[in-house]
Amino acid sequence: MKRCLLLFAVGALLLAAGCGAAPANRVAAANTNSTTMKFPLQRTEAEWRKLLTPEQYHVLREAGTERPFTGKYWNTKEPGIYRCAACGEILFKSDDKFDSHCGWPSFSEIAAQKKVIAREDDSHGMKRTEVLCANCGSHLGHVFDDGPAPTGLRYCINSTSIDFAATNTVTEKK
Ligand SMILES: [Zn+2]
C-alpha cells in the first residue's frame, strides 16, 4: 500500500488492478505529460522522419498500432533479442515471449529493469497503459495485467516497433 501511494504521489500510473499489480515493480514510473518527459536519446521529429519508414514513424512516433496478425513477429518463436526499432536498445528477449493469441508479439517481461516506461493512455475511449522505450521515448505498445506467471504481465508490442536479432547459433561441444 505504501508503494502504491508513493507511486501515485509521483504521478505514476498503475494498472486498473490497483495496488496488487506487479507493474509498479517492473516498469519505471513516468510523468504522464509526454511534453515534459526527457529521454537520454533526443531527436527532433524531422530527424525521426528521416530515420524511420513512414510505417515505423506512425507507430513509434505517433503511437499508431499495426493491425493484429499482420506484423512480422507476432508468431516468431526463434531464440534471440528484440531491440527498439528507433534507437536499437535491447528491450525484450525471446525467453519472455509467449503465445498470447492476440496477434501482436507478447512478452511477460522486459529484457532488464527500466528498459521501458509506462504511461497512462486514455485514447480511443479506453484506459490502458502505454509502453515507451526508456531510451528514446518511442511508442512500443501497451502492457496489460493478464499475462502468465510469475510476472502476470503481457507486454503487447507492435512488430513495427521492434527489430529481432536471432541468437548466434553456437555449436554445442560435448
Ligand atoms: Zn528506443
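Residues numbered from 1 in each chain as written. Predicted model: local features only at pLDDT ≥ 70, side-chain atom pairs only at ≥ 80, totals over all residues.

To continue, consider the nonpolar core. The biggest cluster of nonpolar side chains holds 29 residues, and the ones touching the most others in it are Leu91, Val116, Cys133, Tyr155 and Ile162. Setting aside residues no more than four positions away along its own chain, Leu91 makes contact with Tyr82, Arg83, Cys84, Ile110, Ala111, Lys115, Val116, Cys133 and Ile162. (Core = buried A, V, L, I, M, F, W, Y, C linked by C-beta atoms within 7 Å. Buried ≥ 20, exposed ≤ 12 C-beta atoms within 10 Å, placed from the backbone. Contact = placed C-beta atoms within 7 Å.)

This part is about the sheet that holds strand S1 (residues 80-84). Pairing in this open sheet of 3 strands is antiparallel, and the strands run S2-S1-S9 from one edge to the other. Among the strands making up the open sheet, the edge pair consists of strand S2 (90-93) and strand S9 (162-166). Strand-to-strand twist across the sheet, computed as the mean angle between neighbouring axes with direction ignored, equals 30 degrees. Relative to S9, S1 is paired through 5 bridges, and the arrangement is antiparallel. Looking at the pairing, Cys84 lines up with Ile162 of S9. (Pairing = 2+ DSSP bridges. Helix = DSSP H or I, 4+ residues; strand = E, 2+ residues; numbered from the N terminus. Axes fitted to C-alpha atoms, helices over the stretch in contact; angles between N-to-C directions.)

Quick look at the pairing of strand S8 (residues 154-157) now. In S8, alternate side chains face the same way, and those of Arg154 and Cys156 on one face and Tyr155 and Ile157 on the other are all buried. With 2 bridges connecting them, strand S4 (residues 106-107) and S8 associate as antiparallel partners. Directly across from Ser106, in S8, lies its bridge partner Cys156. For strand S7 (residues 139-144) and S8, the ladder comprises 4 bridges, and the chain directions are antiparallel. Of the residues in S8, the one forming a bridge with Gly141 is Ile157.

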